[in-house]
Amino acid sequence: SLACQAQTPVLNLKQIYEAALEQDANIRASRAATDAGRERLPQAKAGLMPQISASASRNNNNLSSTSPNLLGTPVTSTDQYFSDNRSLQLRQPIVNMQRWLQFEQAKSIVEEAEANLDKDLQNLVVRVAGSYFEALLADEQLELVLAQKTTYSSMLDAAQKAILAGSGTRTDIDDARSRLDMAIAQELEARQNQDLTKRQLQVLINQPVAKLSALNVGALKLTLPEPANIDLWTQKAEDASPEIKALQARLAASKREVSKAQAGHLPTLDAVA
């Protein structure tokens with residue numbers, strides 16, 4: 001029988017980012033927090049909707065009473081019967097500023113949750129790209145150290161042959177050996193760094209990372225920013241930054257909280273049927 005060994009998949013930057021979108025713990029936690037924040041709006045809206053309550057009860061009554069008759073003789077009478085009670089109540093808030101402000105506050109809370117999720121998604125791009133490039137750099141550094149190790153091994157071999165031929169010195173051998181020992185130590189450090197960067201990617205995508213696709217430098221086309229004006233980019237950042245949006249929404253929610261506390265002194269009006 002022939003044993004077929006599955007080839008190790010080579011992951012590129014896009015595949016790692018797509019996997020991180022589904023598996024990264026920070027993103028999953030941020031999505032869960034956003035879902036929880038979104039629920040604040042229907043909860044607050046429910047306070048403005050009509051409320052219906054119903055109740056029903058059934059009682060078994062046993063009544064025993066003793067009273068004198070016309071002759072003055074005590075007479076005891078016993079009565080047994082059932083009594084029922086059923087009620088249905090509809091309450092619709094008409095004027096309730098505290099609940100209305102709570103509804104407006106919930107909108108700001110949802111905006112903050114959405115902005116925080118957007119911020120975490122943007123940070124994921126930076127974290128994935130940084131970890132990916134660090135892993136590629138670790139691979140390149142290991143290849144460089146291995147090449148230096150091969151060079152120093154050849155130098156040591158040449159120095160040993162030269163001293164046997166009578167044209168070399170002991171200093172040349174010691175120098176080549178020290179360089180080789182340094183290269184061996186650097187190889188150990190480079191392999192540890194390579195393993196560390198792979199594990200950082202593994203944490204992001206929750207699966208082992210063996211090989212990475214190298215960058216196609218020839219296909220990389222760099223373009224100047226458009227427009228080439230730092231003030232315009234600063235203005236865009238102020239308008240679209242998710243961090244600023246989250247802080248603005250949090251400020252609005254805090255202001256609603258103050259107004260909501262002040263509205264607790266205002267009268268309320270409900271329609272009840």
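Now for a quick tour of the structure. Remember, predicted model here, so these are calculated numbers, not experimental data.

Digging into the overall build of the protein
Part 1 of the argument: Helix and strand content of the protein: 7 helices and 5 strands.
Part 2 of the argument: For the protein, the sequential pattern of α-helices and β-strands runs β-α-α-α-β-β-α-α-β-α-α-β.
Part 3 of the argument: In terms of overall size, the protein is more extended than a compact globule, its C-alpha atoms giving a radius of gyration of 39 Å where 273 residues would be expected to give roughly 19 Å.
Part 4 of the argument: When its C-alpha atoms are laid out on the principal axes, the protein stretches across 155 × 60 × 40 Å.

Some remarks on the sheet that holds strand β3 (residues 74-95)
Adjacent strands of a sheet form backbone hydrogen bonds with each other and so pair up, either parallel or antiparallel.
Part 1 of the argument: The strand order across the open sheet formed by 3 strands is β2-β3-β5, and the pairing between neighbours is antiparallel. Whereas interior strands pair on both sides, the edge strands pair on one side only; in this sheet they are β2 (51-68) and β5 (269-272). Across this sheet, the average inter-strand angle for adjacent strands is 35 degrees, counted without regard to direction.
Part 2 of the argument: Looking at chain direction, β3 and β5 are connected through 4 bridges and run antiparallel. Looking across to β5, one finds that Arg91 is bridged to Val272.

Focus: the nonpolar core
For soluble globular proteins, nonpolar side chains are generally found buried alongside one another.
Part 1 of the argument: Membership of the largest hydrophobic core comes to 16 residues, with the highest contact counts inside it found for Ile16, Leu124, Leu201, Leu204, Ile205 and Leu212.
Part 2 of the argument: Where this core is concerned, the elements lending two or more residues are α1 (13-23), α4 (97-165) and α5 (170-205).
Part 3 of the argument: Looking at this core, the element that brings in the most residues is α4, giving 5 residues.
Part 4 of the argument: Residues in contact with Leu124, not counting those within four places in the same chain, are Tyr17, Ala20, Leu21, Asp24, Ile27 and Leu204.
Part 5 of the argument: One finds Tyr152, Leu156, Ala159 and Leu180 within the second-largest nonpolar core, a separate group that totals 7 residues.

What about unusual backbone geometry?
Part 1 of the argument: Cis geometry marks the peptide bond from Glu226 to Pro227, where omega comes out at 5 degrees.
Part 2 of the argument: Relative to the helices and strands, Pro227 resides in the loop between β4 (211-212) and α6 (230-240).
Part 3 of the argument: You will see that Asn206, though not glycine, has its phi angle at about 60 degrees, which is positive.
Part 4 of the argument: Its relative accessible area of 54% is what places Asn206 among the exposed residues.

Points about the pairing of β3
Part 1 of the argument: Inspection of the sheet shows β2 paired to β3 by 18 bridges, in the antiparallel sense. By the bridge assignment, Asn61 is partnered in β3 with Tyr81.
Part 2 of the argument: Here β2 hands over to β3 after 5 residues, with Gly72 in that stretch at a positive phi of 85 degrees.

A closer look at the packing of α1 against α4
A pair of packed helices can be characterised by two numbers: the angle between their axes and the separation between those axes.
Part 1 of the argument: One way to put it is that α1 packs onto α4 with a least axis distance of 10 Å and a crossing angle of 135 degrees. Compared by their axis directions, α1 and α4 come out oblique. Two packed elements cross with a definite hand, and for α1 against α4 that hand is right-handed. In this structure, α1 uses Leu13, Ile16, Tyr17, Ala20 and Leu21 to contact α4, whose residues at the interface are Leu121, Leu124, Val125, Val128, Ala129, Tyr132 and Phe133.
Part 2 of the argument: Among the residues forming the contact of α1 with α4, the class breakdown is 12 nonpolar, no polar and no charged.

Description of the pattern of salt bridges
Part 1 of the argument: Per the counting criterion, the structure on display carries 15 salt bridges.
Part 2 of the argument: Here Arg250 makes a salt bridge to Glu112, at a shortest N to O gap of 2.9 Å. Of this pair, Arg250 sits in helix α7 (residues 242-262) while Glu112 sits in helix α4, and the two are 138 residues apart along the sequence.
Part 3 of the argument: Judged by relative accessible area, which is 15%, Glu112 ranks as buried.
Part 4 of the argument: Lys161 is the partner of Asp157 in a salt bridge, and the nearest nitrogen-oxygen pair spans 3.3 Å. Note that Asp157 and Lys161 are positioned in helix α4 at a spacing of 4 residues, about one turn of the helix.
Part 5 of the argument: Residue Asp157 is classed as partly exposed on the basis of its relative accessible area, which comes to 36%.
Part 6 of the argument: Salt bridges sharing partners connect three or more residues here, namely Asp35, Arg38 and Glu114.

Brief notes about the side chain of Thr197
Part 1 of the argument: Of note, Thr197 is situated in helix α5.
Part 2 of the argument: Given a relative accessible area of 3%, Thr197 falls into the buried group.
Part 3 of the argument: When residues no more than four places from it in sequence are discounted, the contact partners of Thr197 are Glu134, Ala135 and Ala138.

Cut-off values and rules
- Residues numbered from 1 in each chain as written.
- Predicted model: local features only at pLDDT ≥ 70, side-chain atom pairs only at ≥ 80, totals over all residues.
- Heavy atoms only, no water.
- Helix = DSSP H or I, 4+ residues; strand = E, 2+ residues; numbered from the N terminus.
- Rg over C-alpha atoms; globule rule 2.2 N^0.38 Å.
- Pairing = 2+ DSSP bridges.
- Axes fitted to C-alpha atoms, helices over the stretch in contact; angles between N-to-C directions.
- Core = buried A, V, L, I, M, F, W, Y, C linked by side-chain atoms within 4.5 Å.
- Buried < 20%, exposed > 50% of the residue type's maximum accessible area, 1.4 Å probe, protein only.
- Contact = heavy atoms within 4.5 Å.
- Parallel < 35°, antiparallel > 145°, perpendicular 65-115°, else oblique.
- Left-handed = near helix turned anticlockwise from the far one by under 90°.
- Nonpolar A, V, L, I, M, F, W, Y, C, P; charged D, E, K, R; others polar.
- Salt bridge = Lys/Arg side-chain N within 4 Å of Asp/Glu carboxyl O.

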